[in-house]
Amino acid sequence: MNTAIVRRSIPMNDLARGISRDREILTAAFESVLSSGHVVMGPNHSAFQRELGDYLGVAHVLGVASGTDALELAIKAVMPLGRSTVITAANAGGYTSTAAKRAGYRVRYADVDANSLCLSSRSVEAELSPDVGVVVVTHLYGNLTDTTELVELCHTRGVRVVEDCAQAIGARLDGGSAGSFGDIAATSFYPTKNLGAIGDGGAIATNSDEYASAVSQLRQYGWSSKYHVAVAGGTNSRLDELQAAFLRARLPLLDAFNERRRQIVARYVAAAVGGPLRVLSAEGPHHVAHLAVALSPRREEMRAALRDLGVQTDVHFPVPDHWQPGFGSDPQVLPVTELVAGELFSLPCFPELTDDEVQFVCTAIGSLA
Ligand SMILES: Cc1ncc(COP(=O)(O)O)c(C=O)c1O
């Protein structure tokens, strides 16, 4: 342990701080739902769908119960008839694998680009075969990469692109928002996300009337109208009215929170210069710094030194999907994914960290040898 620094306790996250800061607007939202008597698919739900659609610049947003449900319903809605395989990255926490398997499809992985840690058109092209119907691209850690080539490649092969924006809501590139570049997008409002609910929630976003209509049926038992089941594979996955009201209250704050996250990461990047860690940059509007991610071949040693100083860390994500026994994937070798999974870890990064706490983490980073 570094004896020159007095130990502090810096958490990876502390949801109580954001709830306490937003207590007034959240309470007002709660009261409005109680007074309205609408608890499922009510006016807040409709308004939130509209408001998030305007924010993202997409024609349709549909609330669902979680980000994983959003991925599942998005994949189901866009999968071309006669195809049955989803390609995705194996370094994004397994949510797409869970969703695609629940939808009844096979999953294969493409390696990620060594710089962006996201899929590239080159890595996806190597995996495309006639059974592939959907590619899910995850904007990992908040980094909205340029998907133009990837989308073009997929479309020339009749493959649909789903964007997973769970970590990248509010990221913008060339005037477009994360979620507006593919055929459809999925996002999560899990409480630690950049736009977090007070419980679970998710949404899909799309400019396609056809896909929006498919998801609106799939999220409610496959109904075309009440008690009339028009499509197979429906479920009950709704964003409840309370969560919609909380999210409406927080949406106007999102850009400021994203900016705060970027500032925190920028300070960690600067603090790591010349030391044994490399902290990934999160500069510019295309990055919303969902996580502050560091890389080191001596990861466990670095994490232990930070833990001794009271700085919590975590690993997003330690086991690539193709190595998870529960996914039962075919054997694959993914060199970049596998190398990076052994080196990366996350530092505390949430908007409610105080300047003083951020400075302490910087000092702790600077003390690493
Ligand atoms: C990239 C990514 N996709 C999907 C999800 C799934 O969202 P949820 O937990 O709401 O199901 C998460 C996070 O939880 C995520 O980080």
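Q: Help me understand the sheet that holds strand β2 (residues 85-88), please; the structure alone is not making it clear to me.
A: Hydrogen bonds between backbone groups are what pair the strands of a sheet, and the pairing can be parallel or antiparallel. Strand order across the open sheet formed by seven strands is β1-β9-β8-β5-β4-β2-β3, with mixed pairing between neighbours. Looking at strand neighbours, the two that pair on one side only are β1 (60-64) and β3 (106-109), the edges of this open sheet. For this sheet, the mean angle separating the axes of adjacent strands, direction not counted, is 25°. Strand direction decides the pairing type here: β2 and strand β4 (residues 132-138), joined by three bridges, are parallel. If you follow I87 over to β4, its bridge partner there is V135. Across the sheet, helix α4 (residues 67-78) touches β1, β2, β4, β5 (160-164), β8 (184-188) and β9 (202-206), and the angle it forms with β8 is around 165°. Where helix α8 (residues 209-218) meets the sheet, it contacts β1, β5, β8 and β9, and its direction lies at approximately 15° from that of β1.

Q: Would you take a moment to explain the domain arrangement of the chain for this structure?
A: Interfaces are often described in size by the accessible area the parts lose on coming together. Splitting the chain by domain gives domain 1 (19-250) and domain 2 (253-366). Between domain 1 and domain 2, the C-alpha centre-to-centre distance is 24 Å. Taken residue by residue, the interface counts 42 residues in domain 1 and 31 residues in domain 2. Taken together, the two surfaces of domain 1 and domain 2 that pack against each other cover about 3000 Å², and 55% of this comes from carbon and sulfur. It is Y109, Y141 and N194 that lose the most area in domain 1 upon contact with domain 2, and together they represent 25% of the buried surface on that side. Across the domain 1-domain 2 interface, the total number found is three salt bridges.

Q: Whenever I open this one, the sheet that holds strand β14 (residues 344-347) confuses me. Can you help?
A: The strand order β12-β13-β14 describes an open sheet built from three strands, whose pairing is antiparallel. On the outer flanks of this sheet lie β12 (278-279) and β14, each paired with one strand and no other.

Q: Explain the site of the ligand to me, please; I cannot follow it from the model alone.
A: Within the structure, the ligand sits among S66, G67, T68, L71, Y95, T138, D164, A166, Q167, S188, K193 and G201. A distance of 3.0 Å separates an oxygen atom of the ligand from a polar atom in the side chain of Q167. In this structure, K193 approaches the ligand through a side-chain N or O atom, which is 3.2 Å from an oxygen atom. Protein chains shield 92% of the accessible area of the ligand, which is 380 Å² for the free molecule. For the shell around the ligand, the leading source of residues is α4, giving three residues.

Q: What is the right way to look at the packing of aromatic side chains in this model?
A: Ring pairs (aromatic) are described by centroid distance and by the angle formed between their planes. Under the defined criterion, the tally for this structure stands at four aromatic pairs. Ring centres of Y95 and F317 lie 6.2 Å apart, and the angle between their planes is 80°; this geometry places the pair in the edge-to-face category. Of this pair, Y95 sits in helix α5 (residues 95-102) while F317 sits in the loop between α11 (299-309) and α12 (335-341); the two residues are 222 residues apart in sequence, bridging distant segments of the chain. Note on Y95: relative accessible area 38%, which makes it partly exposed. Here F317 falls in the buried class, since its relative accessible area comes to 15%. Geometrically, the ring pair formed by Y221 and W223 is tilted, given 4.7 Å between the ring centres and 55° between the ring planes. By relative accessible area, Y221 is classed as partly exposed at 30%. One aromatic cluster is present, formed by Y221, W223 and Y227 through successive ring pairs. Geometry around F360 places R8 over its ring, the cationic atom sitting 5.5 Å from the centre.

Q: Any chance you could explain the packing of α4 against α5 here in plain terms?
A: Packed helix pairs are characterised by how far apart their axes lie and by the angle those axes make with each other. With their axes 8 Å apart at the nearest point, α4 and α5 run at an angle of 50° to one another. Judged by the angle between their axes, α4 and α5 are oblique. When the axes of α4 and α5 are compared, the crossing they make is right-handed. Residues T68, D69, L71, E72 and I75 of α4 lie in contact with α5, whose contacting residues are Y95, T96, T98, A99, A100 and R102. When grouped by side-chain class, the residues that make up the contact of α4 with α5 number five nonpolar, three polar and three charged.

Q: Whenever I open this one, a negative patch on the surface confuses me. Can you help?
A: The grouping of D146, E149, E152 and D174 at the surface amounts to a negative patch. With respect to the helices and strands, E149 occurs in helix α7 (residues 148-156).

Conventions we followed
Residues numbered from 1 in each chain as written. Predicted model: local features only at pLDDT ≥ 70, side-chain atom pairs only at ≥ 80, totals over all residues. Heavy atoms only, no water. Pairing = 2+ DSSP bridges. Helix = DSSP H or I, 4+ residues; strand = E, 2+ residues; numbered from the N terminus. Axes fitted to C-alpha atoms, helices over the stretch in contact; angles between N-to-C directions. Contact = heavy atoms within 4.5 Å. Domains from an automatic or database assignment. Buried area = accessible area lost by both parts, 1.4 Å probe. Salt bridge = Lys/Arg side-chain N within 4 Å of Asp/Glu carboxyl O. Near = heavy atom within 4 Å. Polar contact = N/O pair within 3.5 Å; in protein donor to acceptor, adjacent residues only side chain to side chain. Areas by Shrake-Rupley, 256 points an atom, 1.4 Å probe, with all protein chains shown as cover. Phe/Tyr/Trp six-rings, centres within 6.5 Å; stacked < 30°, edge-to-face > 60°. Buried < 20%, exposed > 50% of the residue type's maximum accessible area, 1.4 Å probe, protein only. Lys NZ or Arg CZ within 6 Å of the ring centre and 35° of its normal. Parallel < 35°, antiparallel > 145°, perpendicular 65-115°, else oblique. Left-handed = near helix turned anticlockwise from the far one by under 90°. Nonpolar A, V, L, I, M, F, W, Y, C, P; charged D, E, K, R; others polar. Patch = residues over 30% accessible without salt bridge, like charges linked within 9 Å, V, L, I, M, F, W, Y side chains within 5 Å. Lys, Arg positive; Asp, Glu negative; His and termini not counted. Charge placed at Lys NZ, Arg CZ, Asp CG, Glu CD.

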